[in-house]
Structure formats: C-alpha cells, structure tokens
Amino acid sequence: MTDKIVPRGAFTSKFGIVAAAAGSAVGLGNIWRFPYVAGENGGGAFLLIYIGFILTIGMSVMLAEFIIGRRAQKNALGSFKKLAPGKPWWIVGFMGIVAAFVILAFYSTIAGWTFEYLIQAIGNGFAGKDAGAISQMFTDFQTSTTRPLLWQLVFMVLTAGIIVCGVQKGIEKYTKMLMPLLVLLIIIMCIRSLTLPGASEGVNFLFKPDFSKISGKVILEALGQSFFSMSIGMGALITYGSYIQKNNKLPNTTFQVAMADTVIAILAGVMIFPAVFAFNMEPDAGTGLVFQVLPNIFTEMPGGYIFAVMFFLLLSVAALTSTISVLEVVVAYGIEELNLSRKKATIIFTSAIAVLGVFATLSFSELSEFKIFGHTIFGSLDWLSANLLLPLGGVFIVIFLGWVLGKKAIVDEVTNNGQIKMRFLRVFIFILKYIAPVAIVLVFLNAIGVLG
Ligand code: TRP
C-alpha cells in the first residue's frame with residue numbers, strides 16, 4: 001500500500017487521514033482560543049451552544065468538505081471549478097484562500113508565544129514566581145517586539161519546511177505518536193488544576209450554564225469557535241479530502257475527528273478554569289489567558305519542570321500540524337491552478353503571509369493603539385476569520401453540496417459507491433440543504449441585531 005504510486009499525494013492509511021485531519025483540528029484553537037473565548041463569553045452557556053453547533057452544523061460541514069475534496073481530487077479552489085465548470089462557485093474557494101492568509105497571519109503570532117514559553121520552560125523560567133510575576137513575565141514578553149517577531153518567523157519557516165516536503169510525509173508520522181501524548185499531559189494537568197484550593201468555582205464557571213449570559217454575540221462567537229476549532233469553512237478539509245483514499249469511510253472519519261477535537265477543547269477548559277479561579281485571575285482576560293494561567297499550574301505540581309517542557313513542546317507540534325493544513329490550502333492552489341512548483345508556491349505564499357503576520361504580532365506592542373472597529377489588527381484578523389469568513393464559507397459549502405452537487409454525489413461518496421451503509425443520510429442531507437444555511441444566516445442576523 002505504502003509504495004503504491006499515487007499521482008498527487010495521498011494519505012497512506014486509514015489512521016493517516018484521521019491523524020492528519022485531527023492534527024489540523026486540534027491545535028491552538030482548542031488550547032488557547034477555546035478557553036479565552038469561552039472565558040469572555042460566559043463559560044457554561046457558551047460551552048453548551050458550542051457543542052450544539054459542532055454536533056449539527058459543524059460535523060455536516062466537515063463531512064461536506066471531505067466529500068467535495070475527495071470527489072474533485074483538487075485543491076480548494078480547483079474543486080469548485082471542476083465540479084461546477086463555468087460557474088462562479090470557485091469564488092468560495094477563493095474566499096478560503098483569503099481566510100488561509102488571515103488565519104495563518106495571526107495564528108503564527110500565538111504559535112510564536114508557545115516557542116517562547118517552551119524556551120522559558122527549558123530555562124526553568126517559571127520557578128519561584130507567583131501569579132503576579134508570571135503575568136508580568138507575559139506582558140514583558142509581549143511588548144518586547146523583537147522576540148515575538150523572531151519566534152513567529154521561526155514558526156513560519158518550520159511550517160513552510162514541512163509543506164515543501166509534502167503533507168503526507170510530514171504529518172502522519174508525528175501526529176500518530178505525539179497527539180495521544182498531548183492528551184495524556186492535559187489530563188494530568190486537569191487533575192492538578194481540579195485539586196487546587198478554590199477549583200470548584202472554575203468547574204461551575206465551565207459547566208453550570210448561566211443562561212442570562214446568552215446574547216447574539218455569544219451565539220456567533222460559539223459558532224465561530226466551532227468552525228475555527230474544527231478547521232472547517234475555508235477548504236482545508238476539502239484539500240485534505242482530495243488526498244483521502246476512495247475506500248475511507250468519510251462519515252466515520254468525520255465523527256472521530258470531531259470527537260477528538262471537542263474532547264480536547266473541553267479538557268483544555270477543565271485544565272484552565274479551575275486554575276483561573278484558584279489563582280484569583282479573571283476568566284475574561286483575553287488572548288493572554290492560557291499563557292498567564294498555565295505556568296501557575298506547573299509551579300504547583302511535582303515534576304512541574306518536565307511537564308512544562310513537554311507541554312509546550314507538544315503544543316508547538318499541535319500548532320504545526322494545524323498550520324500546515326492552512327498553508328497547504330494555499331500551496332495546493334498555487335501548484336494546481338498557477339502551475340508553480342511546490343517549493344516556489346511555498347516560498348512565495350509563506351513570505352506574503354509572514355508580512356501580514358508582522359502586523360498581527362505588533363498589535364501587542366508598537367501597534368497596540370491602532371484599532372479597527374475597536375479591535376487591534378490581531379483582534380480583527382482573529383474575529384474576521386472565525387466569526388465571518390469561516391461561517392460564510394460554511395454556508396456556501398453546504399449549499400454547494402446540498403443543492404448543486406446533489407444527492408447522487410453525496411450518496412456515492414458517503415457509501416463509497418454503495419459498499420457501506422450510511423445511517424444518517426437523510427438527516428445529513430436535510431441539515432445540508434436547510435438547517436445549516438438557515439441557521440448560520442440567522443446567527444449572523446441575530447448578532448448584528450436585525451432580529452431584535
Ligand atoms: N483548527 C485549528 C486549531 O484549532 C486551526 C486550523 C487549522 C484552522 N486549519 C484550519 C482553522 C482551517 C480554520 C480553518 O488550532
């Protein structure tokens with residue numbers, strides 16, 4: 001199987017694709033973004049809505065992307081061109097490419113922070129510091145300008161390096177081993193966090209929904225977070241879908257990836273929030289939340305040094321397996337649509353994204369006063385991608401599959417041309433055609449206040 005010649009690259013095993021897609025889904029979105037967004041949006045009620053979106057719209061969009069990609073055997077933009085020739089659907093693919101630029105630009109800032117923290121952990125930099133000193137350390141780093149930029153650059157170069165070698169060679173190997181290890185570490189840290197004095201307040205915050213906290217904004221943030229965390233809405237999974245073999249059971253893959261992603265986000269919440277309250281911090285501290293909280297957990301646990309080093313190392317890997325899926329969207333487009341070599345496409349696009357990324361990173365220092373509608377550049381990129389570009393992409397993806405490609409294509413792909421049974425076929429098609437597009441549009445309208 002492995003040495004079979006596959007013309008445009010393919011994952012070599014069933015586990016390979018689950019590992020790669022889970023590697024894409026699981027990343028800073030789960031461990032950094034989920035806690036910070038949940039913390040800003042009221043905790044428990046947010047979590048409930050978030051899970052609701054994953055189980056309905058999220059899994060449907062994920063499966064839809066796999067189907068489109070595997071059917072077309074093309075990049076995100078080329079898939080639409082091939083399946084709907086002469087129609088403007090390729091614009092959806094183009095939106096995905098724009099989203100990839102936006103996401104990578106700000107994601108690499110945070111990935112850079114994890115490198116800094118890895119180095120701090122190796123140098124035993126958290127030892128003997130109390131919560132105040134640890135917060136100060138974060139602020140000092142953020143405002144130091146050159147270090148965050150340097151780490152961001154390192155991260156971009158690493159992402160590009162893996163992409164030059166080709167996705168399947170890069171990811172399969174690492175994710176298979178390292179992801180389960182990351183989960184194990186998180187579980188150990190959850191235990192420490194839960195046993196801190198005052199931890200129960202954090203548990204209540206995350207699991208006791210306060211329904212008075214729900215607003216149009218909170219619902220949109222939950223939708224955006226579900227899309228961001230699952231890597232859906234911009235064609236990353238269309239691109240990966242095009243590398244999936246014909247005999248893979250797409251619905252099963254979807255379910256496994258979605259579950260892994262959700263469980264890890266919830267675990268991240270269980271790791272962070274009890275500690276937030278135990279150390280008298282604020283859950284709505286924003287983008288710095290996990291970086292200000294985590295070191296406190298390490299200083300309070302036996303073997304904290306080694307746990308800290310391993311944790312930030314694995315978090316960096318998790319970030320990498322996510323960013324390669326984003327960069328691959330753009331590079332696969334460059335190769336197939338612009339006839340660039342893999343290497344050229346990687347260099348050109350990575351450089352362009354890195355330029356935008358500099359502005360994202362500087363939002364925390366030199367450019368912190370520069371605001372667009374009240375958001376810094378970083379905040380705007382973060383908000384724009386998760387809460388607008390991805391859900392909008394999702395609307396078009398489900399409409400495309402449900403109404404344009406149609407039932408036969410769907411049935412062919414989910415049943416592998418009639419070889420396997422699909423249990424929820426009717427439900428899936430109904431969500432694709434009606435529920436998902438209407439629900440997403442309603443969430444938008446509600447958030448901007450049109451529904452009152
Ligand atoms: N889902 C990843 C995370 O949680 C980030 C990511 C990777 C992503 N590929 C994506 C987000 C595509 C949106 C679209 O860290």
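These notes cover the structure that comes with them. (Residues numbered from 1 in each chain as written. Predicted model: local features only at pLDDT ≥ 70, side-chain atom pairs only at ≥ 80, totals over all residues. Heavy atoms only, no water.)

Digging into the overall build of the chain
When its secondary structure is counted, the chain shows 17 helices and 0 strands. Principal-axis analysis of the C-alpha atoms places the extent of the chain at approximately 60 × 50 × 40 Å. Taken over 452 residues, the chain has a buried fraction of 60%. Restricting the contact set of the chain to residue pairs at least 6 apart, pairs at least 24 apart contribute 82%. As displayed, the chain offers around 17700 Å² of accessible surface, 67% of which is attributable to carbon and sulfur atoms. (Helix = DSSP H or I, 4+ residues; strand = E, 2+ residues; numbered from the N terminus. Buried < 20%, exposed > 50% of the residue type's maximum accessible area, 1.4 Å probe, protein only. Contact = heavy atoms within 4.5 Å. Areas by Shrake-Rupley, 256 points an atom, 1.4 Å probe, with all protein chains shown as cover.)

Section: the site of the ligand
Around the ligand lies a shell of 17 residues, among which Ala25, Gly29, Tyr107, Phe228 and Ser231 are the nearest. One of the backbone nitrogen or oxygen atoms of Phe228 is found 2.8 Å away from a nitrogen atom of the ligand. Here the ligand, which alone exposes 360 Å², has 100% of that area covered by the protein. Contributions of two or more residues to the shell around the ligand are made by helix H1 (14-25), helix H2 (28-40), helix H5 (90-122), helix H10 (216-230) and helix H14 (304-338). Considering only residue class, the shell around the ligand consists of 9 nonpolar, 8 polar and no charged. (Near = heavy atom within 4 Å. Polar contact = N/O pair within 3.5 Å; in protein donor to acceptor, adjacent residues only side chain to side chain. Nonpolar A, V, L, I, M, F, W, Y, C, P; charged D, E, K, R; others polar.)

Some thoughts on the packing of H2 against helix H13 (residues 289-299)
Where H2 contacts H13, the axes come no closer than 9 Å and their chain directions differ by 105°. Our classification of the angle between H2 and H13 gives roughly perpendicular. Here Ile31, Trp32, Pro35 and Tyr36 of H2 lie close against H13, whose contacting residues are Leu289, Val290 and Phe291. (Axes fitted to C-alpha atoms, helices over the stretch in contact; angles between N-to-C directions. Parallel < 35°, antiparallel > 145°, perpendicular 65-115°, else oblique.)

So, unusual backbone geometry
One non-glycine residue, Thr145, adopts positive backbone phi at about 65°. Thr145 sits in the buried class, given a relative accessible area of 17%. Phi is positive for Asn339, close to 55°, though the residue is something other than glycine. Along the chain, Asn339 falls in the loop between H14 and helix H15 (342-362).

A look at the pattern of salt bridges
Applying the stated rule across the entire model yields 11 salt bridges. Between Arg71 and Glu413 there is a salt bridge, and its shortest N-O distance comes to 3.2 Å. Pair noted here: Arg71 is in helix H3 (residues 44-72) and Glu413 is in helix H16 (residues 377-414), with a separation of 342 residues, a long-range link. Judged by relative accessible area, which is 5%, Glu413 ranks as buried. Ionic pairing is found between Glu413 and Lys246, a salt bridge with its closest N-O pair at 3.9 Å. (Salt bridge = Lys/Arg side-chain N within 4 Å of Asp/Glu carboxyl O.)

Topic: a nonpolar patch on the surface
There is a patch of nonpolar side chains on the surface, built from Trp403, Val404, Phe430, Tyr434 and Ile435 and spanning about 490 Å² of accessible area. For the nonpolar patch, the secondary structure elements donating two or more residues are H16 and helix H17 (425-447). Broken down by element, the residue count for the nonpolar patch peaks at 3 residues, all from H17. Take Phe430: it is sitting in helix H17. (Patch = residues over 30% accessible without salt bridge, like charges linked within 9 Å, V, L, I, M, F, W, Y side chains within 5 Å.)

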